[in-house]
Amino acid sequence: MMDARRDPYDVAVIGAGMAGMAAALFAAEQGLSCIQIGNGGSLLFASGLLDLLGVHPVAEGRRWQSPYDALAALAQDEPGHPLARIDVASIRAAFECFVTALGGAGLSYAPLGERNRQLLTSIGTIKTSFGVPGSMVAGADALAARPPCLLVDFRGLREFSAAQIAATLAGHWPGLRHQRIEFPGYEAATELYAAHLARALETGETRGRTIALVKPLLGDAQALGVPALLGLARASAVHAEFEAELGVPVFEIPTMPTSVPGLRLLAALESALGGRGVHRRQQATVHALAFDADAGTAVLELGGVPGREQVSARAVVLATGRFTGRGLRADRDAVRESILGIPVQQPDSRAAWHQRDFLDPAGHALNRAGLRVDEAWRPLDAGGKPVWPRLFAVGSILAQQDWMRAKCGSGLAIGTAWAAIAQAGAALRASAAG
Ligand SMILES: Cc1cc2nc3c(=O)[nH]c(=O)nc-3n(C[C@H](O)[C@H](O)[C@H](O)COP(=O)(O)OP(=O)(O)OC[C@H]3O[C@@H](n4cnc5c(N)ncnc54)[C@H](O)[C@@H]3O)c2cc1C
């Protein structure tokens, strides 16, 4: 089956993780016609927090209050790091555009400002992040001021324990209390899932009964923390009603995957892309990619859809992630890029992939393997030349970064997507003019 559309798209984005979503969004914002291929499932792992750069140098585990100070230090120490290659104005613009689009799709974020925030995790550790959902921001304020605070969880909810969070922080936050309650209507259930409870809280009766159970427990608490399950599609309204009825700031704490904030993020991004006219092939994967030099287009062969579909585009953005995303593949002897076999920058031998100590704070060389790109974000072939003049790569597939340890996952995805789409737009305009 050929794509019903005969004209090539301006941009085809391969991948629907954070980087692919950001690239498709920014392409549409530039007025470029865009198709996105890939499954957004990886976003379900997201906590909803948008890290920009929290830790640098990774080996020292140094946390930064200002992500922009951290970026300046990164630029000095690791000029080849993808985030160090993007000017700060672009990073600011990219984040503003991203959270504005999420807000427009009903998922509000706190104003971004200049500083990272510290937030509680579901096991009581503290996480540094930058873009914080409106439903979580009171948790950053509470953690900073440490007033009397109540944490509530629900019997049977998997992998979330208010008691554990309070115990972990006991020495630092004496006024932190915890309570476990039954989730109304689920008293007979032995195991609860956050997504089910989030949906249940969108009904007025369950919401009212839950609030009625929590209210008498508040005591002197000046803030309330709950697992992140205050609604799905109507999350802002559910959160607002909890605050209004309880009379204290209420904050969500991210849960383990599959997370409700991840579901919200996916839904909001899908809505933002749909509203901007991005065509999507969510169940499809790109099996092959070829370049037609005469026509100046790339032809993508799609699988996973009924029949066979071909899509053509004047520019392609590779946002296929690393090993879990399947953008990179590790064989016995080497790491390979999955679609085109683009050379991957990697250690000389498999023996050098990992440090001897699995928990080495510096991380492993394999985590920094990835695609090398030129100044226009185009992946390079073995001869150091762009694979194709309008093939770009963004997000975690890029070399010279360890997003997980540096707490820069979303920053890397959003920042590189912005920078690459700017280059794609310029290249497309130049080719149209020439
Ligand atoms: C456990 C976990 C926790 C996280 N927590 C945070 C957090 O707290 N803060 C934060 O900022 N970020 C967090 N992230 C998200 C992180 O920012 C991003 O996952 C990371 O930046 C990688 O994004 P990516 O889009 O580059 O790759 P991926 O998310 O791996 O996406 C790759 C995409 O490419 C698709 N794909 C691959 N090959 C093909 C193909 N041939 N055809 C079509 N599609 C293809 C995949 O299906 C997938 O959609 C978390 C991620 C995980 C996994």
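Residues numbered from 1 in each chain as written. Predicted model: local features only at pLDDT ≥ 70, side-chain atom pairs only at ≥ 80, totals over all residues. Heavy atoms only, no water.

K.L.:
Please clarify how the overall build of the chain should be interpreted in this entry.
P.N.:
Along the backbone of the chain there are eleven helices and 17 strands. Against the compact-globule benchmark of 22 Å for 434 residues, the chain has a radius of gyration of 23 Å, which places it among compact chains. For the C-alpha atoms alone, the extent of the chain along its principal axes is close to 70 × 50 × 40 Å. When the 434 residues of the chain are sorted by exposure, 54% land in the buried category. Per element, the accessible surface of the chain, about 18,300 Å² overall, is 53% carbon and sulfur. (Helix = DSSP H or I, 4+ residues; strand = E, 2+ residues; numbered from the N terminus. Rg over C-alpha atoms; globule rule 2.2 N^0.38 Å. Buried < 20%, exposed > 50% of the residue type's maximum accessible area, 1.4 Å probe, protein only. Areas by Shrake-Rupley, 256 points an atom, 1.4 Å probe, with all protein chains shown as cover.)

K.L.:
How do you make sense of the pattern of salt bridges when you look at a structure like this?
P.N.:
It is possible for side chains bearing opposite charge to pair when their charged atoms get close. Overall, the coordinates contain 20 salt bridges when judged by the stated rule. When the shortest N-O distance is used, the salt bridge between arginine 378 and aspartate 374 registers 2.9 Å. Each member of the pair, arginine 378 as well as aspartate 374, is classed as buried. One network of salt bridges, in which partners are shared, links Arg329, Asp331, Asp333 and Arg336. (Salt bridge = Lys/Arg side-chain N within 4 Å of Asp/Glu carboxyl O.)

K.L.:
Looking at this structure, how should I read unusual backbone geometry?
P.N.:
Glycine aside, negative phi is the norm for most residues, and most peptide bonds take the trans geometry. Cis geometry is adopted by the peptide bond preceding proline 57, which originates at histidine 56 and carries an omega value of -10 degrees. Mapped onto the elements of the fold, proline 57 is located in the loop between strand E2 (34-37) and helix H2 (67-77). The residue after proline 257, namely threonine 258, is reached through a cis peptide bond having omega -5 degrees. Along the chain, threonine 258 turns up in the loop between strand E8 (250-253) and helix H9 (260-275). One non-glycine residue, arginine 326, lies in the positive phi region at around 85 degrees. The residue arginine 326 is located in the loop between strand E12 (309-318) and strand E13 (328-330) in this model.

K.L.:
Just to check I follow, could you spell out the packing of aromatic side chains for this structure?
P.N.:
Aromatic ring pairs are defined here through the distance separating the ring centres and the angle between the ring planes. Evaluated as defined, the whole model comprises six aromatic pairs. Ring centres of phenylalanine 26 and tryptophan 418 lie 4.9 Å apart, and the angle between their planes is 80 degrees; this geometry places the pair in the edge-to-face category. Taken as a pair, phenylalanine 26 in helix H1 (residues 18-29) and tryptophan 418 in helix H11 (residues 409-433) lie far apart in primary sequence, 392 residues in all. When the ring of phenylalanine 154 is compared with that of phenylalanine 183, the centres are 5.2 Å apart and the planes differ by 75 degrees; the resulting orientation is edge-to-face. (Phe/Tyr/Trp six-rings, centres within 6.5 Å; stacked < 30°, edge-to-face > 60°.)

K.L.:
Explanation requested: the site of the ligand in the structure shown.
P.N.:
The ligand sits among 28 residues. The nearest are Asn39, Ser42, Ser47, Val286 and Ser410. Between the ligand and the protein, one listed contact pairs an oxygen atom with a side-chain N or O atom of lysine 127 at 3.3 Å. Taking glycine 409, its main chain carries an N or O atom lying 3.0 Å from an oxygen atom of the ligand. For the ligand, whose unbound accessible area comes to 990 Å², protein coverage reaches 86%. For the shell around the ligand, the class distribution of residues is twelve nonpolar, 14 polar and two charged. (Near = heavy atom within 4 Å. Polar contact = N/O pair within 3.5 Å; in protein donor to acceptor, adjacent residues only side chain to side chain. Nonpolar A, V, L, I, M, F, W, Y, C, P; charged D, E, K, R; others polar.)

K.L.:
Whenever I open this one, the domain arrangement of the chain confuses me. Can you help?
P.N.:
Where the parts come together, the accessible area they lose is often given as the size of the interface. In terms of domains, the chain is made up of domain 1 (9-103 + 264-433) and domain 2 (137-253). A straight line from the C-alpha centre of domain 1 to that of domain 2 covers 35 Å. (Domains from an automatic or database assignment.)

K.L.:
Please clarify how helix H7 (residues 204-214) should be interpreted in this entry.
P.N.:
Because the α-helix completes a turn every 3.6 residues, residues three or four places apart line up on one side. Residues of H7 that are buried include every one of Thr206, Arg207, Thr210, Ile211 and Val214, and no others. All buried residues of H7 fall inside an arc of 130 degrees around its axis, so they share one side. Where H7 is buried, its residues touch strand E5 (149-154), strand E6 (176-181), helix H6 (194-200), strand E7 (223-227) and helix H8 (235-246). (Arc of directions from axis to C-beta. Contact = heavy atoms within 4.5 Å.)

K.L.:
What am I meant to see in the packing of H1 against H11 here?
P.N.:
Between two packed helices, what matters for the description is the angle formed by their axes and the separation of those axes. Closest axis-to-axis distance for the H1/H11 pair is 8 Å, and the angle between their directions is 35 degrees. Like other packed secondary-structure pairs, H1 and H11 cross with a definite hand, here right-handed. Residues Met18, Ala19, Ala22, Ala23, Phe26 and Ala27 of H1 form the contact with H11, whose participating residues are Ser410, Ala413, Ile414, Ala417, Trp418 and Ile421. Tallied by class, the residues present in the contact of H1 with H11 amount to eleven nonpolar, one polar and no charged. (Axes fitted to C-alpha atoms, helices over the stretch in contact; angles between N-to-C directions. Left-handed = near helix turned anticlockwise from the far one by under 90°.)

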